[in-house]
Every structure is written in C-alpha cells, then in structure tokens.
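Take a look at the letters that make up each chain.
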Amino acid sequence: MEENLSGIKRFIKQELLPTLWCPGCGNGTVLKAVCDAFTELNFQKDNTVVVSGIGCSGRSAGIFDLDSVHTAHGRALPVAEGIKMANNDLNVVVLSGDGDLLGIGGNHFIHASRRNTNITVICFSNEIYGMTGGQVAPTTPQGQKTITTPQGCQDTPIDMQAIIKAHNCFFARSTVYHIKHLKTCIIEALKHNGFSFVDAKTHCITNSGRRLGFKNGYEMLLQFKEQYVINDRPDTLQSTEIGIIHS
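Note that the structure is predicted; figures quoted are calculated from it, not measured.

### With respect to the overall build of the protein
When helices and strands are tallied, the protein shows nine helices and eight strands. Taken over the C-alpha trace, the protein has a radius of gyration of 17 Å; the compact-globule value for 247 residues is 18 Å, and the two agree within 12%. Summarising its shape, the C-alpha atoms of the protein cover approximately 50 × 40 × 35 Å along the three principal directions. For the protein, the proportion of its 247 residues judged to be buried stands at 50%. Restricting to contacts in the protein with at least 6 residues of sequence separation, those with at least 24 account for 66%.

### So, the packing of helix α4 (residues 76-86) against helix α6 (residues 106-115)
The interhelical angle for the contact between α4 and α6, taken along N-to-C directions, is 30 degrees, at an axis separation of 8 Å. By the angle between their directions, the pair α4 and α6 is classed as roughly parallel. On α6, the residues that touch L77, P78 and E81 of α4 are H108, F109, A112 and R115. When grouped by side-chain class, the residues that make up the contact of α4 with α6 number four nonpolar, one polar and two charged.

### Some words on the environment of A162
Topologically, A162 is positioned in helix α7 (residues 160-166). For A162, a relative accessible area of 38% gives the class partly exposed. Sequence separation between A162 and T236 is 74 residues; the distance between their C-alpha atoms is 8.9 Å.

### Things to note about the pairing of strand β3 (residues 91-97)
β3 sits mainly inside the fold: six of its seven residues count as buried. Where β3 meets strand β4 (residues 120-125), five bridges bridge the pair, whose relative direction is parallel. Within β4, the residue paired with L95 across the bridge is I122.

### Some details on the environment of F124
Among the structural elements, F124 can be located in strand β4. Along the sequence, F124 and L31 sit 93 residues apart, while their C-alpha atoms lie 9.6 Å from each other. With sequence-adjacent residues up to four places away left out, F124 is seen in contact with N27, V30, S57, S60, L95, S96, G97, D98, A200 and T202.

### Focus: the side chain of T175
Its place among the elements puts T175 in strand β5 (residues 170-175). Its relative accessible area of 0% is what places T175 among the buried residues. Side-chain polar atoms of T175 contact the backbone nitrogen of Y177, separated by 3.1 Å. Side chain to side chain, T175 and H178 meet in a polar contact 2.7 Å long. Sequence-distant contacts of T175, defined by excluding residues within four places in its chain, comprise L182, K201, F224, Y228 and I242.

Thresholds, definitions, all that
Residues numbered from 1 in each chain as written. Predicted model: local features only at pLDDT ≥ 70, side-chain atom pairs only at ≥ 80, totals over all residues. Heavy atoms only, no water. Helix = DSSP H or I, 4+ residues; strand = E, 2+ residues; numbered from the N terminus. Rg over C-alpha atoms; globule rule 2.2 N^0.38 Å. Buried < 20%, exposed > 50% of the residue type's maximum accessible area, 1.4 Å probe, protein only. Contact = heavy atoms within 4.5 Å. Axes fitted to C-alpha atoms, helices over the stretch in contact; angles between N-to-C directions. Parallel < 35°, antiparallel > 145°, perpendicular 65-115°, else oblique. Nonpolar A, V, L, I, M, F, W, Y, C, P; charged D, E, K, R; others polar. Pairing = 2+ DSSP bridges. Polar contact = N/O pair within 3.5 Å; in protein donor to acceptor, adjacent residues only side chain to side chain.

Shape is all these values report; function is a separate question.
Have a look at this one:
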C-alpha cells in the first residue's frame, strides 16, 4: 500500500535517485524532511503541488512524483499564489533557494507575505548562489568571502524573519543538522492556515564551503551543531537560535 511507503519512496521519482546534488550538499536532507512531513500529514499526490524557481534547490520540483512547476528565476511565489487561487483545496508548497526567493524574487516574497496567501515556503538557505558559481547572496553574512566579494561581503543580510513577523505570518528556522526539529518545523508550517515560511539552513561545500576553508560537507554540518540552539517558545529568534514563531 502506498500509505505504508516511506516519504521518499512515496513522493519522489525513484529513477532520479541519487539526486544530482553534489556529495556533501544538505539539500537532500531538506527534501527528505519535506517528504516525511507530507507522509505524516497524509498529503496525497493528487492534492499537493510543488513549485520551485531556478537554482540547485530549485531542481526539487522535477524530482517529485506529483504535479509540480519549475518556474522562471525568482517567480516561484507568484506562480504558487496563482495555483492556490485557482484551486484553494490544493496543498501548495514552494521549495527553492534563498537567492531565488529573497534576491531575484524578493519583491514577490514581500507581497506574498503581505497578502498572507495560504501557501508554505521552504527556503533552502545556504547563503550563496551555488548553481551559478558561488556569488554573494541576500543571506550572505557580512564579512564572508564569495567569488564576487573576495574581500568579504559588505552588506547586511536580509532579515526574512522581520518581514514575515511584520505581516503576522508563520516563521520557523531550523538546520539540516537538527533533522527532527527541521521536520517538526515543516509539519507545523504545512498545518498553518496562511502564509508560512521555513528558513531551512543548509550548506554548499562545492561553491562556498571550500572557499571558506572547510574540507568537506560534514565539517559544515557540524558548524550548524555548534552555532545553533533550539528556542522552544520564541517571540523572536536571535541569529543563533532555531525555533517556531506562530502568527
């Protein structure tokens, strides 16, 4: 029975495994957490749609064995909103990267949260434009070196939490190290009635980590363990905290 299959076997095209992501990439962990959340909430293939933009994590849409849309760069959110408006009974989920959602698609991010559209966004946040070579992203920390900021990023990273909270929407943050916590965040986001956003901290060893001195993806993963602590009842998440903020 399909209901007894694991999330990955139930919702992912098995012929496309292993994924095309680089060894050591954290995107696969986010993908599995999403599939497990779908299973736990008893989502069905015929009532769930996945939408993505361009980028490494944007390739997620094509991996799912259900209706999905791989949109133009930065356009995942308006396409997802249109799908939800056309059929309110669908579970509409956006899976895309921080560059796609918050950089090129930043204007759509602001207005989707302002409208409080009933969709869920899972942001693969790796602080870099990974697919195109490692350029600075809207989430790149100040001082961090990238291929386009060899002396260190001078700009303040976007505060996605502040934008979401300003519009009284659901915000959660977790990491690919904190696997159970990440799945819980995604489940709560999917259950939320309104705009929900999960900042899923992941990592890119190929076009970011190696330039920063990491030997492999495992070292980057352990950094999440050392850097982040869980806040169970947050009103605001500090930069080193993970947790869930309900509107």
